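Okay, here's what each chain looks like letter by letter:
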Amino acid sequence: MSRHPPEKQKWTEERRYFESDGRPLYGAMYRAERPGAPIVLFCNSFSENHCEGRAEAIASRIIAANGYSAFLYHPRAHGDSAGDPEDVTFEGLVEDAVNAASYARSRSGASQIVWVGVRFGALVAAHAIPRITDTTGLALWEPVLSARDYFRKSMRHVMYYEMSKGERPSLTVDQMSERLKREGKISVLGFDLHRNFVESAQDADLLDALQPWRGPTLIAQFQKHFRLSREHHQLRETLVGRGLSVRAVLHRGPAGADSWWTPEGIAKQTGDWLDELA
């Protein structure tokens, strides 16, 4: 198979609900016709990281135009899927990812899966992969390495936001953590952190979860830096040290733009990486 398809491939879009743990979840299939190609599954989970799926939808269309079917979904209690945010646990998100993978593969007819774990979804994908056979590749887009660190950074962002407005932070990170334990949830810049979810997810660690993984891996960084961040450099070096084939790509986005909302460049590079896996 050639690395670069001679022309854009035809694809169709299909939106359906599928079931996970007895609840309907929203899914969108971008179906391409490339015999033997894996399906690309976007795993984008948890509150503000979920957004409305705009970046993933743009990327899915680009990847489908390159001949690879792509599937994205809304996990429980997110977007158009059923569920109560207070009941969401990390294990529940992993279960949704596993069910999404099974559904996407059955609908597309693909025998293999390439996961795209987006931000916190990288942790979810890493925990779901061992439960699904025939995973042939893993792309990590701006991955979260540690849930515990992620939660504390989210709380620090509240402090930085208040200081940017010239205000004294209303609570320290430790005080926010105590309120979370005491009251069951706290608001963190537009979304709620629930105690149930934090306690279920706080020990999730990307490198630990990827201990058994030996497949080709892509690390995509969505930042303004010209080189990998310390965390992403550590991730790459650790995976390479385990014998993995790892490619790292940087996406800074156009000048003055939030790079996360302009995923076209990374989607095209992910498509090139997929061609090399074939």
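Residues numbered from 1 in each chain as written. Predicted model: local features only at pLDDT ≥ 70, side-chain atom pairs only at ≥ 80, totals over all residues. Heavy atoms only, no water.

**A closer look at helix α10 (residues 264-277)**
Spacing of three or four residues puts side chains on the same side of an α-helix, whose turn is 3.6 residues.
At step 1: A rise of 1.5 Å per residue sets the reference length of α10, with its 14 residues, at 20 Å; its end C-alpha atoms lie 20 Å apart and thus fit the reference within 8%.
At step 2: For α10, every residue scored as buried is listed here: Ile266, Ala267, Thr270, Gly271, Trp273, Leu274 and Asp275.
At step 3: Buried residues along α10 sit against β3 (39-44), α2 (54-65), β5 (113-118), β6 (135-141), β9 (217-222) and β10 (246-251). (Helix = DSSP H or I, 4+ residues; strand = E, 2+ residues; numbered from the N terminus. Expected span 1.5 Å × (residues − 1). Buried < 20%, exposed > 50% of the residue type's maximum accessible area, 1.4 Å probe, protein only. Contact = heavy atoms within 4.5 Å.)

**Observations concerning the pattern of salt bridges**
At step 1: Following the criterion strictly, the structure yields 20 salt bridges and no others.
At step 2: In this structure, Arg76 and Asp21 form a salt bridge, with 3.4 Å as the shortest nitrogen-oxygen distance. Here Asp21 lies in the loop between β1 (11-20) and β2 (23-32) and Arg76 lies in the loop between β4 (70-73) and α3 (90-108), a separation of 55 residues in the sequence.
At step 3: Assessed through its relative accessible area of 45%, Asp21 is described here as partly exposed.
At step 4: Across the salt bridge formed by Arg179 and Glu183, the nearest N and O atoms sit 3.8 Å from each other. Residue Arg179 and its partner Glu183 are both found in helix α6 (residues 173-183); the two are separated by 4 residues, about one turn of the helix.
At step 5: Shared partners join several salt bridges into a network, and the residues in it are Asp21, Arg23, Arg76, Glu95 and Asp96. (Salt bridge = Lys/Arg side-chain N within 4 Å of Asp/Glu carboxyl O.)

**Overview of unusual backbone geometry**
For residues besides glycine, phi is generally negative; the peptide bonds are generally trans as well.
At step 1: Notably, Asp21 is not glycine yet its phi reads approximately 55 degrees, a positive angle.
At step 2: A positive phi angle, near 50 degrees, is found at Arg119, a position not held by glycine.
At step 3: Mapped onto the elements, Arg119 comes out in the loop between β5 and α4 (120-128).
At step 4: Residue Arg119 is classed as partly exposed on the basis of its relative accessible area of 22%.

**Considering the pairing of β4**
At step 1: Going residue by residue along β4, you find Ala70 and Leu72 tucked away on one face and Phe71 and Tyr73 tucked away on the opposite face as well.
At step 2: Judged from the 4 bridges that link them, β2 and β4 form a sheet pairing that is antiparallel. Its bridge partner being in β4, Ala28 is matched across the sheet by Leu72. (Pairing = 2+ DSSP bridges.)

**Some thoughts on the nonpolar core**
Generally speaking, nonpolar side chains in soluble globular proteins are found buried as a group.
At step 1: Formed by 63 residues in total, the largest nonpolar core has its most connected members in Phe71, Trp115, Phe120 and Phe151.
At step 2: At 9 residues, the largest contribution of residues to this core is made by α3.
At step 3: Phe151 has contacts with Phe46, Phe120, Leu193, Phe197, Val198, Ala201 and Gln202, leaving out every residue within four places of it along the chain.
At step 4: Among the nonpolar cores identified, the runner-up in size contains 28 residues, and Ala28, Ala59, Ile62 and Val118 belong to it. (Core = buried A, V, L, I, M, F, W, Y, C linked by side-chain atoms within 4.5 Å.)

Just geometry here; none of it tells us what the structure is for.
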